[in-house]
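Examination of the molecular architecture
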Amino acid sequence: MWKRKKLAVVLHAIDDVFANAAGEKNAFVVTRPPGHHASSSSSSGFCLFNNVAIAARYAMERYDVRRVLILDWDVHHGNGTQEIFYQDRNVLYMSLHRHDGGGFYPMGEPKDFSDVGEEDGVGFSVNVPFSSAKMGDLEYRAAFMKVIMPIAYEFNPELVLISSGFDAAAGDPLGEYKVSPETFALMTYELCGLAGGRTIAVLEGGYNLTAIAESAQAVVETLLHRAVVRKLVSAREQFATKKPQLHPEAWTSLRKVCHKQESYWSCLMGFQRLIGESSGSTLLDRKGRPTPTSTPKSEKTSTSSSKKLLPTPPSTTPRRSPRIAASQKKTEKTDMQKLEEEMARLMNPK
Ligand SMILES: [Zn+2]
C-alpha cells in the first residue's frame, strides 16, 4: 500500500502541474526510498520503483507530452532511468555524477561521456562524469552553464523532472563532494526557465540529514519564488585575492562530453576549441584522446607582428654589389683563358 501511495504522490504532482497553466505550478516531491537505480524489471541500490521514470511515462500517456527532460544531479548515476529511456528520443536523460573512471557506484554500468543512447535514442543520454577529484560548486556550475543548459534549451522540453538526490552536497558521507545549497538553488532556477516552468523535483539519495535539509530548502525556496533568493557569492569568495579555479579534470570531462555530444547537439559545436583555449589544455579527438599540438593563435600573432616591428637582422654573408660581381666574373674569365692557353702550350710544344 505504501508503495502505491509513494507513486501516487509523484503522479499527483504531474496532475497538479498539468491541471494549471504553464508557469503556475511546480513541485518538490519528498519521497523515500529513492528510485533512479531501479530498472523496469528489477530493484537496485536502495531503489524499488523508478519514481521519476514512471512520472515521465505517465505525463507522456496522460497529457500527450512529447519531450521530457530528466536532470539527475544525484552524485550516483541513475542507471535505471537511463536504461529505461536509452532508446527513446522523447526523453532526454542528463546526469552529473561521480564516476572515478567507472569505479564509483553503480559499477559496470554505461555512465561515461561516450554512453549516449542507442537506436532512436542516440544523443538523448548525456552523461557528465567526474573523476580524480572531489568536485564542488565551480565544477557543477560550469557543467550546468556550458553543457546542461545549452542542450536543454535545444531540446526544448515540455516537462522537466529533477532526480534530486543530495548526496553530492557538502558533508554527505557517501558522495564526498562539496556542492552547496546555493548551487542547488542556482541549478533549480536555470531549469525553471524551461518548459514554461513545469518543473518537478523528486527526492533521490542523500545520507546527511543536515545537508539534505539545507539543500532541499534551497530548491524549494527557488521553486516557490521562481527566483534565486540566496546569496550566491559568499563574502570569502568576494574578497578572495586568488580567483578560484575549476579542477583541470572537470575541464577534461566537459570537453569530452562536448566533443562526443556535438554530433547530436549543434549548440555544442566549437565549444571544445573555446574551452581548450581558455584552460590552456590540449584539444581532444572524438574518442577523447589528445590531438597533435597546433601553434597557438597568440604565438602565431606574435610572430607575424614581430616581423613588422623588428628590423631585419643583418646577413652574415655580405652581399656583393652588381658592379663588383661583374668585375670579379670578368677576372675569373681571364684566368680561365690563361689556363687554357697554358694547357694548349704544354700540349703543343713548339
Ligand atoms: Zn545517490
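Everything in this summary refers to the structure shown in the same document. Just so we're clear, the structure is a prediction, and the values are computed from it rather than from any experiment.

What follows concerns the overall build of the chain. When helices and strands are counted, the chain shows 11 helices and six strands. Scored against the burial criterion, the 350 residues of the chain give a buried share of 41%. Within the chain, residue pairs in contact and separated by at least 24 positions form 72% of the contacts whose partners lie at least 6 positions apart.

Looking now at the pairing of strand β6 (residues 199–203). With five of five residues buried, β6 lies mostly within the body of the structure. Alternating residues of β6 divide into Thr199, Ala201 and Leu203 and Ile200 and Val202, and every residue in both groups is buried. Where strand β5 (residues 159–164) lies against β6, five bridges are found, and the strand directions are parallel. Within β6, the position partnered with Val160 by the bridge is Thr199. In this region the chain leaves β5, passes through helix α5 (residues 181–192) and returns to the parallel neighbour β6; the handedness of that crossover is right-handed.

Backbone-to-backbone hydrogen bonds join strands into a sheet, with any given pair of strands oriented parallel or antiparallel. Strands sit in the order β1-β6-β5-β2-β3-β4 across an open sheet of six strands; the sheet is parallel. Taken across any chain shown, the strands that pair with only one partner, and hence form the sheet edges, are β1 (27–29) and β4 (125–130). The sheet shows a mean angle of 15° between the axes of neighbouring strands, taken without regard to direction. Direction of pairing for strand β2 (residues 68–72) relative to strand β3 (residues 91–98): parallel, over a ladder of five bridges. Paired with Val68 across the two strands is Val91, which belongs to β3. Here α5 sits on the sheet and contacts β2, β5 and β6; the angle it forms with β6, its principal contact strand, is near 145°.

A word on the packing of α5 against helix α6 (residues 209–225). For the pair α5 and α6, interaxial distance at closest approach is 8 Å and the crossing angle is 30°. The angle between the axes of α5 and α6 places the two elements in the roughly parallel class. Crossing geometry of α5 relative to α6 is assigned as right-handed. Facing Pro181, Glu182, Phe184, Ala185, Thr188 and Tyr189 of α5, the residues of α6 in contact are Glu214, Ser215, Gln217, Ala218, Val219, Glu221, Thr222 and Leu223. Considered class by class, the residues forming the contact of α5 with α6 number seven nonpolar, four polar and three charged.

Locating Ser253 in the fold gives a position in helix α8 (residues 248–261). Sequence-wise, Ser253 and Phe130 are 123 residues apart; in three dimensions their C-alpha atoms are separated by 6.4 Å.

The buried count for β3 comes to eight of eight residues, which makes it a mostly enclosed element. By the alternation rule, side chains of β3 split into Val91, Tyr93, Ser95 and His97 and Leu92, Met94, Leu96 and Arg98, which are all buried. A crossover connection joins β2 to the parallel β3 through helix α3 (residues 79–84); in handedness this β-α-β unit is right-handed.

Once that is clear, we can look at α6. For the α-helix, the turn length of 3.6 residues means that residues three or four positions removed from each other point alike. Taking 1.5 Å per residue as the helical rise, α6 with its 17 residues ought to reach 24 Å, and the 24 Å between its terminal C-alpha atoms agrees with that figure. Within α6, the full set of buried residues consists of Ala211, Ile212, Ser215, Ala216, Ala218, Val219, Thr222 and Leu223. Projected down its long axis, α6 shows its buried positions confined to an angular sector of 155°, all on one face. Pointing more than 90 degrees away from the buried face of α6 are the exposed residues Leu209, Thr210, Leu224 and His225. The positive-phi residue at the C-terminal boundary of α6 is Arg226, with phi of around 55°.

About the criteria used
- Residues numbered from 1 in each chain as written.
- Predicted model: local features only at pLDDT ≥ 70, side-chain atom pairs only at ≥ 80, totals over all residues.
- Helix = DSSP H or I, 4+ residues; strand = E, 2+ residues; numbered from the N terminus.
- Buried ≥ 20, exposed ≤ 12 C-beta atoms within 10 Å, placed from the backbone.
- Contact = placed C-beta atoms within 7 Å.
- Pairing = 2+ DSSP bridges.
- Right-handed = clockwise from strand over helix to strand, strands pointing away.
- Axes fitted to C-alpha atoms, helices over the stretch in contact; angles between N-to-C directions.
- Parallel < 35°, antiparallel > 145°, perpendicular 65-115°, else oblique.
- Left-handed = near helix turned anticlockwise from the far one by under 90°.
- Nonpolar A, V, L, I, M, F, W, Y, C, P; charged D, E, K, R; others polar.
- Expected span 1.5 Å × (residues − 1).
- Arc of directions from axis to C-beta.

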